[in-house]
Amino acid sequence: MIIETTVLDFKLSNTFKEYESYMKASEQQAMFNEMGVKTFYIGKSLDDPTRATVMFQGPENVLYNIFINPETKPIVEASGHIYEGTKITRWVC
């Protein structure tokens, strides 16, 4: 199995602290665990506190497919993540 690192760079509709709390909540972590995904970095921009970056690792295409599927938009945005304008980069080794 190929492990992919997915990096998301996006704007927030809420505060970074609210977003981070949502992402670290046990319900979210249980969902990620079921998908075989780890969140290993959640950070905010020093220049723009309304911008965040998250790095995930998991099976190839799992997170990418979630974020490109328009049906998941409400789920993604529930965290405060603004779907439009999200920059996605994907890395494998």
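Scroll up a little and you will see the structure.
As a starting point, this report considers the structure included with it.

Parameters and conventions
Residues numbered from 1 in each chain as written. Predicted model: local features only at pLDDT ≥ 70, side-chain atom pairs only at ≥ 80, totals over all residues. Heavy atoms only, no water. Pairing = 2+ DSSP bridges. Helix = DSSP H or I, 4+ residues; strand = E, 2+ residues; numbered from the N terminus. 1 Å grid on protein atoms, 1.4 Å probe; cavity = no way out; pocket = protein on both sides within 12 Å on 5 of 7 lines; lining within 4 Å. Points joined across faces, edges and corners; volume = space filled by probe spheres on them. Nonpolar A, V, L, I, M, F, W, Y, C, P; charged D, E, K, R; others polar. Phe/Tyr/Trp six-rings, centres within 6.5 Å; stacked < 30°, edge-to-face > 60°. Buried < 20%, exposed > 50% of the residue type's maximum accessible area, 1.4 Å probe, protein only.

## Regarding the pairing of strand β2 (residues 38–44)
At step 1: In this sheet, strand β3 (residues 51–59) lies alongside β2 in antiparallel orientation, the contact comprising six bridges. Opposite G43, over in β3, you have T53 as the bridge partner.
At step 2: Taking the residues between adjacent antiparallel strands as the criterion, β2 and β3 are bridged by six residues.

## Brief notes about the layout of surface pockets
At step 1: Of the volumes computed, that of the largest pocket is approximately 230 Å³.
At step 2: Lining the largest pocket are 17 residues, with M31, F32, F67, I75 and V76 positioned closest to its centre.
At step 3: Elements with a minimum of two residues in the lining of the largest pocket: α1 (16–24), α2 (26–35), α3 (62–68) and α4 (73–77).
At step 4: A total of four residues in the lining of the largest pocket trace back to one element, the largest contributor, which is α2.
At step 5: Tallied by class, the residues present in the lining of the largest pocket amount to 13 nonpolar, four polar and no charged.

## Section: the pairing of β3
At step 1: Looking at chain direction, strand β1 (residues 3–11) and β3 are connected through nine bridges and run antiparallel. Each bridged residue has a counterpart across the sheet, and for T6 the counterpart in β3 is F56.

## Topic: the packing of aromatic side chains
At step 1: All told, the structure shown has three aromatic pairs when counted by the stated rule.
At step 2: A ring pair is formed by F32 and F56, whose centres lie 5.4 Å apart and whose planes are at 55 degrees; its orientation type is tilted. Of this pair, F32 sits in helix α2 while F56 is found in strand β3, placing the two residues 24 residues apart along the sequence.
At step 3: By relative accessible area, F32 is classed as buried at 5%.
At step 4: Members of the aromatic cluster, each reached through a chain of ring pairs, are F32, F56 and F67.

## Let's talk about the environment of E18
At step 1: By the element assignment, E18 lies in helix α1.
At step 2: Judged by its relative accessible area of 45%, E18 is partly exposed.
At step 3: On a C-alpha basis, the gap between E18 and S79 in space is 8.0 Å, while along the polypeptide they are 61 residues apart.

Read these as spatial facts, not as claims about activity.
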